[in-house]
Amino acid sequence: MRHVISILIENESGALSRVAGLFSARGYNIESLTVAPTEDASLSRMTLVTRGDEAIIEQITKQLNKLIEVVKLLDLSEGVHIEREMMMIKVKAERTQRDEVMRLVDIFRAKIIDVTDTTFIIELTGKSAKLDAFIQSVHEDTVIEVVRSGPLGIARGAKGLRL
């Protein structure tokens, strides 16, 4: 089963390396990893996506909690949460293709953020499935480059990852 784990971690050098090392030492895979500072300059928020049965996820969370830099951890998959991912995709957009690409941009509620004579760079935010569907809708010969952030998640309601 897929799990989205949100971690408050001390913002210091080597912390990310220790989290990644914990996974590699035990043979677990990190599907996606995003890290950014929080409103508290001493902390960063890490969103990690991994797969495993309940026993494996329990083992992962126990091992993460043992790391000195980990301040707090929340498995968002255990409750109702919202996930979003961002993608920028560069596509060929020559004269004959522009109208079709712009229709897809409208359908998917995306945004064209850069235009040249031959290309568009499109920004799209949503669930991973939406981003995948957009890529499948664009003819594969027109895709030049794809950059994705990986999922970010936040718990719904009063529950949250705070000190």
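First, a word on what this report is: a plain description of the structure on this page.

Rules of the game
Residues numbered from 1 in each chain as written. Predicted model: local features only at pLDDT ≥ 70, side-chain atom pairs only at ≥ 80, totals over all residues. Heavy atoms only, no water. Helix = DSSP H or I, 4+ residues; strand = E, 2+ residues; numbered from the N terminus. Buried < 20%, exposed > 50% of the residue type's maximum accessible area, 1.4 Å probe, protein only. Contact = heavy atoms within 4.5 Å. Patch = residues over 30% accessible without salt bridge, like charges linked within 9 Å, V, L, I, M, F, W, Y side chains within 5 Å. Areas by Shrake-Rupley, 256 points an atom, 1.4 Å probe, with all protein chains shown as cover. Salt bridge = Lys/Arg side-chain N within 4 Å of Asp/Glu carboxyl O. Pairing = 2+ DSSP bridges. Axes fitted to C-alpha atoms, helices over the stretch in contact; angles between N-to-C directions. Phe/Tyr/Trp six-rings, centres within 6.5 Å; stacked < 30°, edge-to-face > 60°. Parallel < 35°, antiparallel > 145°, perpendicular 65-115°, else oblique. Left-handed = near helix turned anticlockwise from the far one by under 90°. Expected span 1.5 Å × (residues − 1). Arc of directions from axis to C-beta.

This next bit is on the overall build of the protein chain. A count of helical and extended segments in the protein chain gives four helices and nine strands. Ordered by position from N to C terminus, the α and β elements of the protein chain give β-α-β-β-α-β-β-α-β-β-α-β-β. With the principal axes as the frame, the protein chain shows a C-alpha extent of 55 × 35 × 35 Å. With 163 residues in all, the protein chain has 36% of them scored as buried. Restricting to contacts in the protein chain with at least 6 residues of sequence separation, those with at least 24 account for 73%.

Attention shifts here to a nonpolar patch on the surface. Residues Met86, Met88, Ile113 and Val147 make up a contiguous nonpolar surface patch of roughly 300 Å² in combined accessible area. Positionally, Val147 belongs in strand β8 (residues 143-148).

What follows covers the sheet that holds strand β2 (residues 32-37). The four strands are arranged β2-β3-β1-β4 in an open sheet whose pairing can be described as antiparallel. Across the chains shown, the open sheet's two edge strands, defined by having one partner strand only, are β2 and β4 (70-75). Neighbour-to-neighbour, the strand axes of this sheet turn through a mean angle of 15°, independent of strand direction. Packed onto the sheet, helix α1 (residues 15-26) meets β1 (2-10), β2 and β3 (43-51) and runs at close to 15° relative to β3.

Let us now look at the packing of aromatic side chains. Counted under the stated rule, the structure contains two aromatic pairs. Here the aromatic rings of Phe23 and Tyr28 are separated by 6.4 Å at their centres, their planes lie at 75°, and the arrangement is edge-to-face. For Tyr28, a relative accessible area of 22% translates into the label partly exposed. Between Phe108 and Phe134 the ring centres are 5.2 Å apart and the planes differ by 90°, which places this aromatic pair in the edge-to-face class.

For the pair α1 and helix α2 (residues 54-66), the least separation of the axes is 10 Å and the interaxial angle reads 140°. Of the possible angle classes, the one that applies to α1 and α2 is oblique. Relative to α2, α1 is oriented so that their crossing is right-handed. In contact with Val19, Leu22, Phe23 and Arg26 of α1, α2 contributes Ile60, Gln63 and Leu64.

Turning to unusual backbone geometry, a few remarks are in order. We note that Arg109 has phi near 55°; this positive angle belongs to a residue other than glycine. In this fold, Arg109 is placed in the loop between α3 (98-107) and β6 (111-115). Of the residues examined, Arg109 reaches a relative accessible area of 74% and is grouped as exposed.

Here we take up the pairing of β6. In this sheet, strand β7 (residues 119-126) lies alongside β6 in antiparallel orientation, the contact comprising four bridges. For Lys111, the partnering residue across the bridge sits in β7 and is Glu123.

What follows concerns the environment of Gly160. With respect to the helices and strands, Gly160 occurs in the segment after β9 (152-155). Taking the relative accessible area as the measure of exposure, Gly160 reaches 37% and is therefore partly exposed. Considered as a pair, Gly160 and Tyr28 are 132 residues apart in the sequence and their alpha carbons are 26 Å apart. Not counting the four nearest positions on each side in its chain, Gly160 is found in contact with Lys72 and Leu74.

A word on α1. Taking 1.5 Å as the rise per residue, α1 with 12 residues should run 16 Å; its terminal C-alpha atoms sit 17 Å apart, in good agreement. Ala15, Val19, Leu22 and Phe23 are the residues of α1 that are buried. Looking straight down α1, one finds its buried side chains confined to an arc of 90°; they lie on one side. Looking at α1, the residues exposed on the side facing more than 90 degrees away from the buried face are Ser17, Ser24 and Ala25.

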